[in-house]
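# Structure at a glance
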Amino acid sequence: MKEAPKPANEAERLAALRSYQVLDTLPEDSYDDLTFVAAEMCQTPIAIISLVDDCRQWFKSRIGLDAAETPRDIAFCSHAILHPNEMLVVEDTLLDERFARNPLVTSDPKLRFYAGAPLVTSDGHALGTLCVIDRVPRKLTERQLAGVRALARQVVAQLELRRANQLLRDNAQFLEKSNQSLEKRSLQLERSRDALSGLCEELETQSDRMERDLSRAETIQRSLLPHQLPELDGYRLHSFYRPGHGIGGDLFDVAVLDDRHVALVIADASGHGVSAAMISVLFKHRLRMVDPRTKAPLQPARALTALNQSLFTDLPRPGGMFVTAVFGLLDTTTGELTVASAGHPPILVLRASGGFDTIEHTGPALGLGPEARFEEHRCTLGRGDQLLLYTDGLLDTGTPSTPRINALEQAVRAQEPTAPRLLERVWKRLSQDGEPEDRDDVTMLLVQAESGLNESTEAAEAKPTTAPCGRPPARITRGEGAQDIFLCLEGRITWLMAQSLLDAGTTAIEKGRGLVVDLTQCEYLDSTLLGTLYELVQRAEQHGTSIKIQHASEELKHAFDELCMNSVLDQCCVEALPLPEERKPLATGSGSATEQRMRILHAHQVLADLSEENRSQFDDMLRLLRAEIDRSDSA
């Protein structure tokens, strides 16, 4: 066995490690979730967050290993930290002279594969590793290696957050206990402020790196999908998955629980990218399908209630994050189906005799409130009946009107039950008129109550396309008239464009120019845009500046009325002004994540202040947004 030498900067490295005050602390979900993602993504039985101390390596989080620490002289991670900018990958330990005679290899746990990504601070100190381990030789793909490195950076971000919070607590204790003079207190606070500023800069840098890891969310997301659909006597299963332009939070599962019960699960986390993928991981990690004591299948309502409480306690919720889901328990012997649905789109049951039934959601989305309760719906699948579960991306087709349930039923019945790539044909039939540029993930699970071969289909990733004929792209254009500034909202306008609308409108108002908001080609405004539009009207009134809203559809006027946006309704004019021929599109989607959350928060706060009904509707979202912003500020 070849013992690893100490790094040249060992004294400084140990000082940096101890500054985080993390050694010998209790387990934390934020770290355990990262090791779970690493193990799932790489399909290894062991994953560890290891911190290399003076004479030992201590495990902050571990999956698949009982020991809490090991001596440093036999630690693989002691070798990994010697090269902070490289991953240490040992595909077969028996073929590597450094490890062939290592007691961790020659005796229990008999390790044969190791891949560790160093946990490197902004100062270049390697504190330890995030590693995945197996008991058989193996190789990882380049995407899996890149995913492990990305997760290692998130471990460091958690450590930096811990140190920042500790510094804040130290400052609070100092202010409470100190009897020094005001001058000395001011000096100490100034130094603390400078230290916190430096830590925040480090966290911002790491946040930028995490944003560049967005494309790696696909690796995490795909690791959650079943590798193979189970064979069920008397049933045929079809699955379909197509990622959107920015990877979202779709997942599904079919799990055999005992000799007659099968769990059918489909879920969709709000948002896109790494955050949505990580929320999906939390969902899968914390969903319990069987009673841990009796090993009997859990009833769907009980399973979703327990999961909701867990997610509400620990779920990171940027922008009001939540999960919609369906949990179905199918008795394959009798065909009896028990379903609980958390804010998910309706389930479709197609009867062999003709006609169809729908099962609406039986409770709210997961993660929005701790006291949510879920009821159950029961039905029976007879021979030839079909059950379709899907995510809402299926009906986001890009056509002028959203397909109804009967269109979905017709699309399924139009296919032969044994046709190849059946669900892909359903998707293409619904999407035949085009797709939106910001198309969401599409996931479907079809259960046919008749014997046959299962089929899993995965379509190519969505690519941005031009808008379908007759449907404008989502954008805001600006033009100038003789007296007024025109802002024209076209297509489906969402929160990504809210700050651009507010900035352009405020500039016109402060210059004393009249402002015209044209909604001729506006198909949709989300609640953030509605609140932002209300803010613009209020600013115009405060400055004594003219503002007109023209060509608002009846649907939009109904939304204004329903949210008590009376001042906006008052500015909806009957006689519209002609639009300038020359208009330029505004840049959209800029700003940091914190700035975007602040915009969403302010827009919903002004709506909440308009009525008690609005306050009740947006209270949960506002609370979650404030908590996330406070968490970002404390970092």
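One can find the structure itself at the top, above this paragraph.
Residues numbered from 1 in each chain as written. Predicted model: local features only at pLDDT ≥ 70, side-chain atom pairs only at ≥ 80, totals over all residues. Heavy atoms only, no water.

Among the five residues of strand β15 (residues 386-390), five are classified as buried, and the element is accordingly described as predominantly covered. A two-sided burial pattern is seen for β15, the buried positions comprising Gln-386, Leu-388 and Tyr-390 on one face and Leu-387 and Leu-389 on the other. Note: strand β12 (residues 347-350) against β15, three bridges, orientation antiparallel. Looking at β15, one finds that Leu-350 is bridged to Gln-386. (Buried < 20%, exposed > 50% of the residue type's maximum accessible area, 1.4 Å probe, protein only. Helix = DSSP H or I, 4+ residues; strand = E, 2+ residues; numbered from the N terminus. Pairing = 2+ DSSP bridges.)

On to the sheet that holds strand β7 (residues 236-242). Taken together, six strands build an open sheet; the order of strands is β13-β12-β15-β16-β7-β17 and the sheet is mixed. Unpaired on one side and paired on the other, β13 (356-359) and β17 (455-458) mark the two borders of the sheet. Shown here is a sheet whose adjacent strand axes are inclined to one another by a mean of 15°, direction ignored. Both β7 and β17 contribute to a ladder of four bridges, which runs parallel. When the bridges of β17 are listed, Tyr-241 appears paired with Glu-458. Sheet strands touched by helix α10 (residues 405-413): β12, β13 and β15. Its angle to β12, the strand with the most contacts, is close to 50°. (Axes fitted to C-alpha atoms, helices over the stretch in contact; angles between N-to-C directions. Contact = heavy atoms within 4.5 Å.)

A word on the environment of Ser-310. When you line up the elements, Ser-310 lands in helix α9 (residues 300-314). Residue classification places Ser-310 among the partly exposed positions, given a relative accessible area of 23%.

To continue, consider the packing of helix α12 (residues 498-510) against helix α13 (residues 527-543). Contact geometry for α12 and α13: axes closest at 10 Å, N-to-C directions at 10°. In terms of orientation, α12 lies roughly parallel with respect to α13. Facing Ala-498, Leu-501, Leu-502, Gly-505, Thr-506, Ile-509 and Glu-510 of α12, the residues of α13 in contact are Thr-528, Leu-529, Thr-532, Glu-535, Leu-536, Arg-539, Ala-540 and His-543. In terms of residue class, the contact of α12 with α13 is built from seven nonpolar, five polar and three charged. (Parallel < 35°, antiparallel > 145°, perpendicular 65-115°, else oblique. Nonpolar A, V, L, I, M, F, W, Y, C, P; charged D, E, K, R; others polar.)

To continue, consider the packing of aromatic side chains. A full pass over the atoms with the stated rule returns three aromatic pairs. Between Phe-76 and Phe-99, the ring centres sit 4.2 Å apart and the planes meet at 15°, which makes this aromatic pair stacked. Taken together, the residues span a long stretch of sequence, with Phe-76 in the loop between β3 (69-71) and α3 (77-80) and Phe-99 in the loop between β4 (88-90) and α4 (103-106) at a distance of 23 residues. When sorted by exposure, Phe-76 lands in the same class as Phe-99, which is buried. Ring centres of Phe-240 and Trp-427 lie 5.5 Å apart, and the angle between their planes is 35°; on these two criteria the pair is classed as tilted. Of this pair, Phe-240 sits in strand β7 while Trp-427 is found in helix α11 (residues 422-430), placing the two residues 187 residues apart along the sequence. (Phe/Tyr/Trp six-rings, centres within 6.5 Å; stacked < 30°, edge-to-face > 60°.)

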